[in-house]
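# Observations on chain architecture
The primary structure of each chain is shown beneath.
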Amino acid sequence: MTERKVRIATLSVVGVTLAAAMLALESSGTRADVPDPVVEGPIPYSVGTYGFPFSSVPDLADLAALGYTEQEFIFSGTVLTPTGPQPYRSRMIVRRPTDPKRFNGTVVIEWLNVTAGADISVDWGLTRHQVVRDGYAYVGVSAQPVGICWLKSWDSVRYGELTHPALLPGPCPATNQTETYSYDIFSQAGKAARDNPLILNGLEVRQLLAVGASQSARRLINYINDFHQTAQIYDGFLIHVIGGGGGGLITDTSKKVLILNSENEVLGHYPYRGLQPANVRYWEVAGVGHSPELSYTKTQLAHSGITLLYNCDYPASDDFIPMYPVGDAALDALNRWVSDGTPPPDSPLVKVIPGTPNTIARDQYGNALGGIRLPQIEVPIGRFIGTNTPTGFLICRTSGGFDLFDGQPAGMTLNDIWNEPTLDQMYANHGSYVSAFVQAVDNIVSAGFMLGADAQIAKAEAAHSDIRK
């Protein structure tokens, strides 16, 4: 297998800007009835160069042991453009329970993220524990020309016939182009998942939840505000890690939306606090970075022959403060809200000190104050940095960082020169650390931001750690 290297640091997370003319066209009554796409598949894994789809799970046997199967489908149709209907041909990757009795009736449909120039299933990584634990079905959709262009170059045998109205001959387009055809493609993918029995092997679908992270989250905000009212495909939306810089306000009030931000987006989203309508719940998580579950993403990309280059001053924060427990809780909370009207809890907010510029208030250890507080930040063994350095590299700017309390400076910035404690100054022994950690876990579970199953995992990891042993 030829190893390909993608330097994510060279690309920028930029929000999309919708062309006013296309908004008027695609938001008109002509979109009221979403067409049914043609669905082909499942596509055999033997097709193509690699013997599996791009963004496949690293180990199908592990997925099967959890009672799930993975399949890929091609879906095709037309979207409306200024010159009339134009064809598209895309793909979706599907994970579902093998036992129909385990299906909980909800399909999680992810707008795959293309910031790196290739489809990355960020929110599968974030919520995969809860998806397989509670019997969801998952569908990852290639909606944008960037992802389709990558697929065609990655495996021309498997994906050579894919096409997108905005995909022109030549180099793959930038990730922030303003094309609007992907919104119709995402609507048609959702309709197919709901109505075409081929995709989910006849599972009876009750509701669809759309999810997306970062650039995909910004796309979903555009979709909510300008497209979903006429399409009426999705029942709820999980918007993950969306800052400011061109939009973060939900203007549509007809569907339930949960926004889940890390510390990395706090200052960018600060102007929108308190402005969201009643159908929106907003959560902020202290300590974590913009790119959660980075280790899983690196493993998944490596499975497809891609090396994720990481040259940051600090280790990635997600190795020490995983965001997935809050992601699991967010998915569960949104699903219950859509299912029976039970609203998610209100999130405490990270404390911001207004100024020029605004700054995040921090405790004596350098950790953010306020927000949803995972046990790793309530009972810290180090300093969590929402934005890693050097900030000129995208992966560093978004991954977050971690500085262990060892009394020594770390990294390469002036901010690292401070009176850092050591772990033996923080905790008398292993038992005192574990006791405090368990109490912090119980507190976040009671607040509704961690599920019981993830709480058991967190407690076991603390008990088996070597902190102060």
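Basis of the calculations
Residues numbered from 1 in each chain as written. Predicted model: local features only at pLDDT ≥ 70, side-chain atom pairs only at ≥ 80, totals over all residues. Heavy atoms only, no water. Helix = DSSP H or I, 4+ residues; strand = E, 2+ residues; numbered from the N terminus. Rg over C-alpha atoms; globule rule 2.2 N^0.38 Å. Contact = heavy atoms within 4.5 Å. Buried < 20%, exposed > 50% of the residue type's maximum accessible area, 1.4 Å probe, protein only. Pairing = 2+ DSSP bridges. Lys, Arg positive; Asp, Glu negative; His and termini not counted. Salt bridge = Lys/Arg side-chain N within 4 Å of Asp/Glu carboxyl O. Polar contact = N/O pair within 3.5 Å; in protein donor to acceptor, adjacent residues only side chain to side chain. Core = buried A, V, L, I, M, F, W, Y, C linked by side-chain atoms within 4.5 Å. Axes fitted to C-alpha atoms, helices over the stretch in contact; angles between N-to-C directions. Expected span 1.5 Å × (residues − 1). Arc of directions from axis to C-beta. Parallel < 35°, antiparallel > 145°, perpendicular 65-115°, else oblique. Left-handed = near helix turned anticlockwise from the far one by under 90°. Nonpolar A, V, L, I, M, F, W, Y, C, P; charged D, E, K, R; others polar. Phe/Tyr/Trp six-rings, centres within 6.5 Å; stacked < 30°, edge-to-face > 60°. Lys NZ or Arg CZ within 6 Å of the ring centre and 35° of its normal. Bend = angle between axes of the 7 residues up to and from the residue. pLDDT = per-residue confidence, 0-100.

### Quick look at the overall build of the protein chain
Counting secondary structure elements, the protein chain contains 16 helices and 15 strands. By the compact-globule yardstick of 23 Å for 469 residues, the protein chain fits well, its C-alpha radius of gyration being 22 Å. Reported as C-alpha extents along the three principal axes, the dimensions of the protein chain are approximately 70 × 50 × 45 Å. Here the contacts in the protein chain between residues at least 6 apart in sequence split such that 73% fall between residues at least 24 apart.

### Quick word on the pairing of strand E3 (residues 68-81)
Of all the 14 residues making up E3, 10 are buried; the element is thus mostly covered by neighbouring parts of the structure. For strand E2 (residues 38-40) and E3, the ladder comprises 3 bridges, and the chain directions are antiparallel. Within E3, the position partnered with Val38 by the bridge is Ser76. As defined by bridge partners, E3 adjoins strand E4 (residues 84-97) across 14 bridges and the pair is classed as antiparallel.

### Remarks on the side chain of Asp252
Of note, Asp252 is situated in the loop between strand E8 (236-240) and strand E9 (256-262). Despite its burial, Asp252 remains without a salt bridge, the nearest opposite charge being carried by Lys255 at 8.0 Å. A polar contact is formed between the side chain of Asp252 and the side chain of His228, at a distance of 2.9 Å. When residues no more than four places from it in sequence are discounted, the contact partners of Asp252 are Ile224, Asn225, His228, Gln229, Pro277 and Asn279.

### Quick look at the nonpolar core
Ranked by internal contacts, the top residues of the largest apolar core, which has 60 residues, are Trp124, Val131, Leu260, Trp283, Val285, Leu374 and Tyr433. Residue assignment for this core shows that the elements contributing at least two residues are helix H3 (122-134), strand E7 (207-213), E9, strand E10 (280-285), helix H11 (324-340), helix H14 (423-426), helix H15 (430-447) and helix H16 (452-464). Looking at this core, the element that brings in the most residues is H11, giving 8 residues. Apart from the residues lying within four places of it in its own chain, the contact partners of Leu260 are Leu126, Leu238, Ile239, His240, Val241, Trp283, Val285, Met323, Val326, Gly327 and Ala330. Membership of the second largest hydrophobic core comes to 46 residues, among which are Tyr88, Tyr183, Phe186 and Ile224.

### Side note on the sheet that holds E10
Taking strand neighbours across the sheet as the criterion, the 9 strands line up as E2-E3-E4-E6-E5-E7-E8-E9-E10 in an open arrangement whose pairing is mixed. For this open sheet the edge positions go to E2 and E10, each flanked by a neighbour on one side alone. Averaged over neighbouring strand pairs, the angle between their axes works out to 20° when direction is ignored. Lying over the sheet, helix H6 (residues 181-195) contacts E2, E3, E4, strand E5 (106-111), strand E6 (137-141) and E7, oriented at roughly 135° with respect to E3. Its contacts with the sheet put H11 on E5, E7, E8, E9 and E10, and the angle it makes with E9 is roughly 170°.

### Here's the deal with H16
An ideal rise of 1.5 Å per residue puts 18 Å on 13 residues; H16 measures up with 19 Å between its terminal C-alpha atoms. Burial in H16 covers these residues: Asp454, Ala455, Ala458 and Ala462. Viewed end-on, H16 has its buried residues packed into an arc of 105°, placing them on one side of the element. Opposite the packed face of H16, turned more than 90 degrees from it, sit the exposed residues Gln456 and His464. Check the buried side of H16 and you find it contacts H3, H11 and H15.

### A few points about the packing of H3 against H11
Two numbers describe how H3 lies on H11: the axes approach to 7 Å, and their chain directions differ by 50°. With respect to their mutual orientation, H3 and H11 come out oblique. Here H3 runs over H11; the crossing is right-handed. Contacts between H3 and H11 involve Leu126, Thr127, His129, Gln130, Val131 and Arg133 from the former and Tyr324, Gly327, Asp328, Leu331 and Asp332 from the latter. Within the contact of H3 with H11, the residues separate by chemical class into 4 nonpolar, 4 polar and 3 charged.

### Considerations on the packing of aromatic side chains
All chains considered together, the criterion is met by 23 aromatic pairs. Here the aromatic rings of Tyr223 and Tyr234 are separated by 5.9 Å at their centres, their planes lie at 75°, and the arrangement is edge-to-face. Placement of the pair is Tyr223 in helix H7 (residues 215-226) and Tyr234 in the loop between helix H8 (228-231) and E8, with a sequence separation of 11 residues. Overall, the relative accessible area of 0% leaves Tyr223 in the buried class. Take Tyr234: its relative accessible area is 1%, and that puts it in the buried class. Through pairs of rings, three or more aromatic residues link up here, namely Trp111, Tyr183, Phe186, Tyr223, Phe227, Tyr234 and Phe237. Sitting over the face of the ring of Trp124, Arg95 holds its NZ or CZ atom 4.5 Å from the ring centroid. The ring of Tyr296 carries the charged tip of Arg128 above its face, separated from the ring centre by 3.9 Å.

### Quick word on H3
Here H3 is 13 residues long and its end C-alpha atoms lie 19 Å apart, about the 18 Å a rise of 1.5 Å per residue gives. Residue Arg128 marks the point of greatest curvature in H3, where the axis turns by about 60°. All buried positions along H3 are accounted for by Val122, Asp123, Trp124, Gly125, Leu126, Thr127, Arg128, Gln130, Val131 and Val132.

### What to know about the confidence of the model for the protein chain
If pLDDT is low for a region, its predicted coordinates should not be looked at in detail. Taken residue by residue, the protein chain gives an average pLDDT of 89. The fraction at 70 or more is 91%. Here residues 1-31 is a poorly scored stretch, pLDDT under 50, and it has 88 contacts once near neighbours within four places are set aside; other chains count.

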